[in-house]
Structure formats: C-alpha cells, structure tokens
Amino acid sequence: DNALVGGETLADTLRAGKAVALELSGVGTINDAETAQRLIGVLTANASYQRAGSGETAQSLLIQLQNGLTLQMAVNGERLLACGTWACPEFFEAFQEALQ
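Here the structure is a predicted model, which means the values were calculated and not measured. (Residues numbered from 1 in each chain as written. Predicted model: local features only at pLDDT ≥ 70, side-chain atom pairs only at ≥ 80, totals over all residues. Heavy atoms only, no water.)

Participant: Residues and numbers for the overall build of the chain, please.
Facilitator: Secondary structure summary: the chain contains 3 helices and 7 strands in total. When the helices and strands of the chain are listed from N to C terminus, the series reads α-β-β-α-β-β-β-β-β-α. Expressed as a percentage of its 100 residues, the buried residues of the chain come to 36%. Sequence-distant contacts, at least 24 apart, represent 60% of the contacts inside the chain between residues at least 6 apart. (Helix = DSSP H or I, 4+ residues; strand = E, 2+ residues; numbered from the N terminus. Buried < 20%, exposed > 50% of the residue type's maximum accessible area, 1.4 Å probe, protein only. Contact = heavy atoms within 4.5 Å.)

Participant: Please set out the nonpolar core residue by residue, giving values where relevant.
Facilitator: Counting 24 residues, the largest nonpolar core has Leu22, Leu43, Leu61, Ile63, Met73, Leu80 and Phe91 as the members making the most contacts within it. Contributing elements (two or more residues each) for this core: strand 1 (19-24), helix 2 (33-46), strand 4 (59-65), strand 5 (70-76) and helix 3 (89-99). The dominant element in this core, judged by the number of residues it contributes, is helix 2, at 5 residues. In contact with leucine 43, not counting residues within four places along its chain, are Leu10, Leu14, Met73, Leu80, Cys88 and Phe91. (Core = buried A, V, L, I, M, F, W, Y, C linked by side-chain atoms within 4.5 Å.)

Participant: Residue-level account of a negative patch on the surface, with values.
Facilitator: On the surface, a cluster of negative charge is made up of Glu78, Glu90, Glu93 and Glu97. Here glutamate 90 lies in helix 3. (Patch = residues over 30% accessible without salt bridge, like charges linked within 9 Å, V, L, I, M, F, W, Y side chains within 5 Å. Areas by Shrake-Rupley, 256 points an atom, 1.4 Å probe, with all protein chains shown as cover. Salt bridge = Lys/Arg side-chain N within 4 Å of Asp/Glu carboxyl O. Lys, Arg positive; Asp, Glu negative; His and termini not counted. Charge placed at Lys NZ, Arg CZ, Asp CG, Glu CD.)

Participant: Which residues make up the side chain of serine 60, and what are the values?
Facilitator: Tracing the backbone shows serine 60 in strand 4. Given the relative accessible area of 16%, serine 60 is considered buried. Beyond its immediate sequence surroundings of up to four residues, serine 60 is in contact with Glu23, Leu24, Ser25, Gln72, Met73, Ala74 and Val75.

Participant: Give me the environment of alanine 58: which residues, what numbers.
Facilitator: Its location among the elements puts alanine 58 in the loop between strand 3 (48-51) and strand 4. Note: C-alpha distance between alanine 58 and valine 75 (17 residues apart in sequence) is 7.4 Å.

Participant: Just give me the short version of the sheet that holds strand 3, but keep the residues and values in it.
Facilitator: An order of 2-1-4-5-6-7-3 is seen for the 7 strands of this open sheet, with the pairing classed as antiparallel. The sheet is open, and its two edges are formed by strand 2 (28-30) and strand 3, each paired on a single side. With direction set aside, neighbouring strand axes in the sheet form an average angle of 25 degrees. Sheet strands in contact with helix 2 are strand 1, strand 2, strand 3, strand 4, strand 5, strand 6 (79-81) and strand 7 (85-87), and its direction is about 75 degrees off that of strand 1. Running at roughly 85 degrees to strand 2, helix 3 makes contact with strand 1, strand 2, strand 4, strand 5, strand 6 and strand 7 of the sheet. (Pairing = 2+ DSSP bridges. Axes fitted to C-alpha atoms, helices over the stretch in contact; angles between N-to-C directions.)

Participant: Before we move on, could you go through the packing of helix 2 against helix 3 and cite the residues and values that matter?
Facilitator: Two numbers describe how helix 2 lies on helix 3: the axes approach to 8 Å, and their chain directions differ by 165 degrees. As judged from the angle between their axes, helix 2 and helix 3 are roughly antiparallel. Crossing of helix 2 over helix 3 shows right-handed handedness. The residues of helix 3 that touch helix 2, namely those facing Thr35, Arg38, Leu39, Val42, Leu43 and Asn46, are Glu90, Phe91, Ala94, Phe95 and Ala98. When its residues are assigned to classes, the contact of helix 2 with helix 3 shows 7 nonpolar, 2 polar and 2 charged. (Parallel < 35°, antiparallel > 145°, perpendicular 65-115°, else oblique. Left-handed = near helix turned anticlockwise from the far one by under 90°. Nonpolar A, V, L, I, M, F, W, Y, C, P; charged D, E, K, R; others polar.)

Quick look at the structure:
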C-alpha cells in the first residue's frame, strides 16, 4: 500500500518502455504511437500523488509498449491507481481531445 520510495514519481513507475497505444475502457483507443507517447508525457508531467491506497474501480487504462508488454492502471474518475493514487485531469482532457 506504499510502493513509492523517497521522491519517486509516476514517471518512475512508467519507465518500462515507449508507449505505442493507449486504451481507456469505455472511452476509446489511441493507436497512433506519437499521440500515445505525447499523452504519457502529459500524464507523467501532471500527475499529482494523492495517497498510498487505491480503492475500487471498474475502469482501466491499458498502456501498450513498443516491446510488446501492456501495463494496466485502474481508473476512478480523473484518478489513476497504480503504485498509489494519482490525480491527473489534464491527461483525461488530452485523451478526449486526441480521440476527436
């Protein structure tokens, strides 16, 4: 319930590779690698750590990486849950804009 050590950020937990696609369940999918990477940049630059715990959610963000792995983060409103709870309304706004 307390995965962060010292001054770690969400960017530290997402360093697994370059994003090539994003899927936000119930919202849509971004299949353009450049757009996916830009959105990850918005997320890592703006995510604000809220707390160690997570909570219940039925929505998820799948981050497909160039190396074939897919990372999953739980989503609750404008909060992402992975290694703690992170608020990032800017990411969700940018994701919606990218779908249009």
